[in-house]
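The lines below spell out each chain.
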Amino acid sequence: MCSFVIESSITRDRIVFRPVDEAIAAHVSVALSVPLSLGRILAARGLTTFDECKRFFRVTAQAMHDPFLFTGMEDACVRIWKAIDSLEPVTIYGDYDADGVTATALLFRGLKALGANVSFYLPNRLIDGYGLNSTGIHNVAQTGCTLIVTVDCGITAAAEVELARTLGIDVIVTDHHEPQGDIPKAIAVLDHKLPTCNYPEQVLAGVGVALKLVQGLVRMRSKNDTIWESLLDLASIGTAADIVPLTGENRAIACLGFARLRESSHVGIRALITEKKLDGKPLSTSQVVFQLAPCMNAVGRLGDPTIGVALLITDDQAQASAYAAELVAANFQRRIIDAQVQKEAFAWIETNVNLQTQCAIVAGDEKWHPGVIGIVASKIIERHYRPTILFAHGADGKAKGSGRSIGAVHLLEALSECEEYLLGFGGHAAAAGMTIEIDKIPLFREAFIAAVQRRVTHDDLIPQTVVDTAVSLPEIDAKYYRIIDQMGPFGPKNRRPVFVSYNCSFKNDARIVGENHLKCNISSNGRSFDAIGFGLGGHLSDILKNKMFTVAFTLEENEWNGQTKLQLQIKGIYP
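Residues numbered from 1 in each chain as written. Predicted model: local features only at pLDDT ≥ 70, side-chain atom pairs only at ≥ 80, totals over all residues. Heavy atoms only, no water.

1. Some remarks on the environment of Lys-281
Logical step 1: Residue position: Lys-281 is located in the loop between α12 (267–275) and α13 (285–302).
Logical step 2: Along the sequence, Lys-281 and Pro-294 sit 13 residues apart, while their C-alpha atoms lie 18 Å from each other. (Helix = DSSP H or I, 4+ residues; strand = E, 2+ residues; numbered from the N terminus.)

2. Section: the sheet that holds strand β7 (residues 188–190)
Logical step 1: In spatial order, the strands read β4-β3-β5-β6-β7; together these five strands make up an open sheet with parallel pairing. The strands lining the two open edges of the sheet, one partner per strand, are β4 (117–121) and β7. Each strand of the sheet is rotated relative to its neighbour by a mean of 20 degrees, with strand direction disregarded.
Logical step 2: Sheet topology note: the strand β5 (residues 147–150)/strand β6 (residues 170–174) ladder contains three bridges and is parallel. Residue Leu-147 lies in a different strand from β6, and its bridge partner there is Asp-170. (Pairing = 2+ DSSP bridges. Axes fitted to C-alpha atoms, helices over the stretch in contact; angles between N-to-C directions.)

3. Some words on the state of the cysteines
Logical step 1: Per the counting criterion, the structure on display carries zero disulfides.
Logical step 2: With no disulfide of its own, Cys-197 lies closest to Cys-77 among cysteine sulfurs, the gap being 13 Å.
Logical step 3: Cys-504 supplies the cysteine sulfur nearest to Cys-520, a cysteine that is in no disulfide, at a spacing of 10 Å.
Logical step 4: Overall, the relative accessible area of 4% leaves Cys-520 in the buried class. (Disulfide = S-S within 2.5 Å. Buried < 20%, exposed > 50% of the residue type's maximum accessible area, 1.4 Å probe, protein only.)

4. A word on the sheet that holds strand β8 (residues 361–365)
The pairing of strands in a sheet comes from backbone hydrogen bonds and takes either a parallel or an antiparallel form.
Logical step 1: Spatially, β8-β9-β10-β12-β11 is the arrangement adopted by the five strands of the open sheet, whose pairing is mixed. Two strands bound the open sheet, and with one partner strand each, they are β8 and β11 (422–427). The sheet shows a mean angle of 15 degrees between the axes of neighbouring strands, taken without regard to direction.
Logical step 2: With seven bridges joining them, strand β10 (residues 398–404) and strand β12 (residues 431–437) adopt antiparallel strand pairing.

5. Structural notes on helix α14 (residues 306–313)
Logical step 1: Of all eight residues in α14, seven are buried, a share of seventy percent or more.
Logical step 2: Looking at α14, one finds that the buried residues are Ile-307, Gly-308, Val-309, Ala-310, Leu-311, Leu-312 and Ile-313.
Logical step 3: Along its buried surface, α14 packs onto α5 (98–113), β4, α10 (232–241), α12, α13 and α15 (317–352). (Contact = heavy atoms within 4.5 Å.)

Pasting the structure below:
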């Protein structure tokens, strides 16, 4: 095994080489007739044989697990089929983010295709708050509904499930968040995070659990698998948007779903792709996470998320186009609000936080919009690499918070040590939401920083660029890139491979373009590539002091003026 570190004095990160068994890497290289550098990448992903690599590169629906391995799946399917057979009113109760919106639309379409009398309900972030709540349950009860199926929420809603029962409503919970306290006494609870659930995948998104439920319903009555397979495009959007590991079944969902996106049978998806000017372009994790999903998130962040579901369930082209335009407009408005909160949050940190001694950031303001503080927390981590929680103060003396974390800190566990100061909280290792009385924020800040301090070392607060392998620039050609591209879809736990090349120099003058981006042409061993370093323009003067350097990068295709060329996306430059 090999593993070592290169420290950087230019881009202020550090390179860590991913450990790999060189003997296995060599075996994979020979078995697949590929360069050793590619063998290292595959071996580090746990692929040790030709057959394992074949299954990795050629994903089929056979990669999906039996849905009845889920604890509670049979009870859930029996109850839903009873409702379908009797045309009993069923309400899907979702969440307002892209995962919840796509999960709601997926289950709605799936149940509709099976003949259910189905409707949906999503809470308003600004009025109702997160998840299954008493206001939403009373609203659903007034419709005459007798069965609620939650998606992407409900695992912490024991009291709300009991309220529904007193109102004559059965509840089936489907969720992917961590259980806390009492498990809801529902007809069935589908959550692979339950200690009693031994489902092979433990990291599905909420939409992934909803997909497994539709798959279970189909299998129980020996229906055509095309019903659930036709929903894979919806599942792929929610899976990518929720930033879950793109390995195993999640990767299969994303891979099979992305293949369906451009020719989707759902007019709403096609309308949004057209509205975002992505027609005819490759659709992968990047386009979903940064182009499509933010539009679905935007309406939920600013208020009513139902337009997102309406877009995904309509079969009317004119309606779909109108909904898509509304979502894109909402995202534009969200970005304006986001930029203002971001500017104020960074100014607050500069004045109030000593980054030399403080390992976490907790801030709040009455002017900050609760719908964008999670996004801004992520931006703060990109710049300062500290677990961050931001609060939007309300007029009622309470604040809504959103947190993001770094790899060394399990956010939900850290929050659990501070729960005496919180009115409620939930989430997972990387992200969480919470509510608090405003006057308790100073005490919470102190407790949270202490909880983080117990979990980190100095090195944990230095960003890492994890490199897969060294490569010589002449080794890279179109065939090499095609193999890399087939390793996608890329995302957590299956990141786009990062390379390092030594003894590099600038072939042409490096310069700053756009919003502080570094643009240059990098040369080594007689081969050169255009390169872009997003956000690295501020390091230009330091970079130019070095005639020779080491560069860490990913490979991508860049289309410009009708020509497509390979380009290096710079992750770091090192003396």
